[in-house]
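Here is what each chain is made of, one letter per residue.
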Amino acid sequence: MTMFPKSQSDLMGYQPDQVDALLTRIKIQFEAAGRSLITSSIVSVSRFDLVPGGYQIMAVDNTLARLGDSLEAREVAERMLRFGKSPVLTQLNHLLFEIAQVLGKNPNERFSGQKNGYSKSQVAELMNSIRVNRGKLVSPLPLEVRTWSLGSARSGVSRSEVNAFCDLVASAGHRQIALG
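Residues numbered from 1 in each chain as written. Predicted model: local features only at pLDDT ≥ 70, side-chain atom pairs only at ≥ 80, totals over all residues. Heavy atoms only, no water.

### Section: the nonpolar core
- Ile99, Phe111, Val123, Ile130, Val162 and Phe165 are the most contacted members of the largest nonpolar core, which has 26 residues in total.
- Taken together, the elements giving at least two residues each to this core come down to helix H3 (57–83), helix H4 (85–103), helix H5 (120–128) and helix H7 (159–179).
- Setting aside residues no more than four positions away along its own chain, Ile99 makes contact with Ile130, Val132, Leu137, Phe165, Leu168, Val169 and Ala172.
- One finds Phe4, Tyr14, Leu23 and Val43 within the second-largest nonpolar core, a separate group that totals 13 residues. (Core = buried A, V, L, I, M, F, W, Y, C linked by side-chain atoms within 4.5 Å. Buried < 20%, exposed > 50% of the residue type's maximum accessible area, 1.4 Å probe, protein only. Helix = DSSP H or I, 4+ residues; strand = E, 2+ residues; numbered from the N terminus. Contact = heavy atoms within 4.5 Å.)

### Overview of the pattern of salt bridges
- If you walk through the whole model with that rule in mind, you get five salt bridges.
- For Lys27, the salt bridge identified is with Glu31, shortest N-O distance 3.1 Å. One end of the pair is Lys27 and the other is Glu31, both in helix H1 (residues 16–31) and four residues apart, which spans about a single turn.
- Given the relative accessible area of 57%, Glu31 is considered exposed.
- Note that Arg175 is salt-bridged to Glu72, the shortest N-O span being 3.3 Å. Of the two residues, Arg175 sits in helix H7 while Glu72 sits in helix H3, which places them 103 residues apart along the sequence. Taken individually, Arg175 and Glu72 each receive the classification buried, so the pair is uniform in this respect.
- Look at the salt bridges and you will find they share partners, linking Asp69, Glu72, Arg146, Asp167 and Arg175 into a network. (Salt bridge = Lys/Arg side-chain N within 4 Å of Asp/Glu carboxyl O.)

### Examining the packing of aromatic side chains
- What the rule picks out here adds up to two aromatic pairs.
- A centroid spacing of 5.9 Å and a plane angle of 70° characterise the contact between Phe111 and Phe165, whose relative ring orientation is edge-to-face. Of this pair, Phe111 sits in the loop between H4 and strand S3 (113–117) while Phe165 sits in helix H7, and the two are 54 residues apart along the sequence. Residues Phe111 and Phe165 agree in their burial class; the two are buried. (Phe/Tyr/Trp six-rings, centres within 6.5 Å; stacked < 30°, edge-to-face > 60°.)

Structure below.
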């Protein structure tokens, strides 16, 4: 009933019932925008148990990145309709400050090391594509930031820290786009 391919029975994948339950909540949210059943933040931190023969991880992660990105764009637009541009601009400025703080650090000090973390060189490539210039975010589109191929390395950088930074950049990108 789902669109995700399953991994081979001897390979680990996401637990299908958990993924399907989240997708059902997302579908309901898209159908009834006024409800607060799920947010982009919930989608971005969703984790699933790994089981043999489960849904292919990359397929699920990419789909959830797209859905979460769409939800966030809607959330920002709704916030602007309800409260005007000022609160969104305040949020953007706060995000830009946080992003600039990370970018201002020595590249080797931005993220903690992690066994089986993201590839340092691929993270560096992403980081080199992002900057804050005169109060504006210069970066790839929010979805591109969320789905950037970061590889893996035995002696890599913290996946959770890099993911959190990518969420900051994507969130700032959505607010900047909404503000024009």
